[in-house]
Amino acid sequence: MKGIGIVLVILLVFAQIALAGSNTVYNFLRNDFNARAAALAGSFVTIENDPNVLFYNPAGLGTLAQPSGSVGFFKQVLDINSGYVSYAQEFEGIGQFGVGVQYTNYGSFTETDEADNTLGSFNAADIAFTAGYSNILDEGLYYGVAVKFINSSIADVHSSGLAADAGILYRVPDTKLNVGASIRNLGGQLSTYAGAREDLPLDFTIGASIVPRGLPLLLNVDFHRLNESTDKFSDRFRSFTVGGEFTLSKYVQL
């Protein structure tokens, strides 16, 4: 338990040092790219045995029971498409490693000049490549870190960035209760769109999940954006999500 206290303090310090700004770039990183996370409203920081936890809390990679992969595609409104690929596996004696890609394509837009004359068309897209690592710190306590390279383009203008994620996950012994915390998108731009430097969408999240006795239900609650400045400390807990997952059979979850 001493270890989890130390790690929580470290995460809190990072979150306070790097307060999120009002204008942020690469906001696609806040989106839920896989169907399970979207169905749970983003309450994913304490999820076990799922390679997509790489995008929410890299510490969760340590709970994978076997090599796992996932792929998804979202057809959204208008011409917007997004998707992801993730894979993770254990390397004996070293720990769990995971890799993933997230992308959003915003489709084609009509390009015009100041007089509204049509000049052609252009596209816009975002993509992020992530690599993560997780291992056991103490009994039931996992830690994880990840790095990501981000690239964004609008027509012939590009911006890139580098960010890191870190997190912990604690399985409370003799219970079906998990608690966890993560800080995501701690970093900055390597190159800007037009000389204007913007903050990354930093997000410090804490959460818990439990399987109530006698119910085939995984109940999750996460508090997001705890790093953002507010007038009162209690206001930082206004951004939260709750999700429930019913196990209908070995292969079907709702």
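Here's what I pulled together on the structure shown here. (Residues numbered from 1 in each chain as written. Predicted model: local features only at pLDDT ≥ 70, side-chain atom pairs only at ≥ 80, totals over all residues. Heavy atoms only, no water.)

**Side note on the environment of Asn57**
Applicable threshold: Secondary structure follows DSSP: runs of H or I at least 4 residues long count as helices, runs of E at least 2 residues long count as strands, and numbering of each begins at the N terminus. In this analysis, two residues are considered to be in contact whenever any of their non-hydrogen atoms come within 4.5 Å of each other.
You can see Asn57 is positioned in the loop between α2 (35-39) and β1 (68-75). Considering only alpha carbons, one finds Asn57 and Ser249, 192 residues apart in sequence, at a separation of 26 Å. Discounting residues that sit within four places of it in the chain, Asn57 has contacts with Val45, Gly167, Ile168, Leu169, Ala181 and Ser182.

**A closer look at unusual backbone geometry**
For the record, the criterion: Three labels apply to residues, based on accessible area from a 1.4 Å probe with only protein chains included: buried if under 20% of the type maximum, exposed if over 50%, partly exposed otherwise in between.
Its identity is not glycine, yet Asp116 carries a phi of approximately 70°, on the positive side. With respect to the helices, strands and loops of the structure, Asp116 is situated in the loop between β3 (95-112) and β4 (118-138). Among the residues examined, Asp116 registers a relative accessible area of 59% and is labelled exposed. With a phi close to 60°, Asp174 is a non-glycine residue in the positive phi region. Looking at where Asp174 falls in the secondary structure, it is placed in the loop between β6 (157-171) and β7 (177-191).

**Thoughts on the pattern of salt bridges**
Side-chain pairing between opposite charges can occur once the charged atoms of the two side chains come close. Formally: Here a salt bridge means any side-chain nitrogen of Lys or Arg lying within 4 Å of a carboxyl oxygen belonging to Asp or Glu.
Under the counting rule described, the total for this entry stands at 6 salt bridges. Glu48 serves as the salt-bridge partner of Arg171, at 2.5 Å between the closest nitrogen and oxygen. Placement of Arg171 in strand β6 and of Glu48 in the loop between α2 and β1 is noted, with a sequence separation of 123 residues between them. Here Arg184 and Asp203 are joined by a salt bridge, their closest N and O atoms 3.6 Å apart. Here Asp203 lies in strand β8 (residues 203-210) and Arg184 lies in strand β7, a separation of 19 residues in the sequence. Here Arg184 matches Asp203 in class, with each residue buried.

**Observations regarding the pairing of β4**
Put simply, the rule is: When DSSP locates at least two bridges between a pair of strands, those strands are taken to pair.
When β3 meets β4, the two strands line up antiparallel, connected through 15 bridges. If you follow Asn105 over to β4, its bridge partner there is Ala125. As consecutive antiparallel partners, β3 and β4 are separated by 5 residues, and within that stretch Asp116 has a phi angle of approximately 70°, a positive value. Bridge count for β4 against strand β5 (residues 141-154) is 14 bridges, and the pairing is antiparallel. Bridging across to β5, Ala131 finds its partner in Val147. Two successive antiparallel strands, β4 and β5, enclose a turn made up of 2 residues, where Gly140 displays a positive phi of approximately 75°.

**A few points about the environment of Pro201**
The topology assignment puts Pro201 in the loop between β7 and β8. For Pro201, a relative accessible area of 0% corresponds to the buried category. The sequence separation of Pro201 and Gly100 amounts to 101 residues, and the corresponding C-alpha distance is 19 Å. Not counting the four nearest positions on each side in its chain, Pro201 is found in contact with Thr24, Val25, Tyr26, Asn27, Leu29, Arg30, Arg184 and Asn185.

**Examining the nonpolar core**
As a rule of thumb, nonpolar side chains are buried together in soluble globular proteins. The cut-off we apply is this: Residue types Ala, Val, Leu, Ile, Met, Phe, Trp, Tyr and Cys, when buried and joined through side-chain atoms within 4.5 Å, form a set referred to as a nonpolar core.
By size, the foremost hydrophobic cluster in this structure holds 23 residues, and its most contacted members are Tyr26, Phe28, Leu29, Phe44, Leu61, Ile150 and Leu200. Mapped onto this core, the elements with two or more residues apiece are β2 (81-91) and β5. Other than its neighbours up to four places away in sequence, Tyr26 contacts Ile150, Ser152, Ser159, Ser160, Gly161, Gln189, Ser191, Tyr193, Leu200 and Pro201.

**Overview of the environment of Pro173**
Turning to its location among the elements, Pro173 is positioned in the loop between β6 and β7. Since its relative accessible area comes to 38%, Pro173 is described here as partly exposed. Put simply, Pro173 and Glu139 are 34 residues apart on the chain and 8.5 Å apart in space, counted from C-alpha to C-alpha.

Read these as geometric descriptors, not functional statements.
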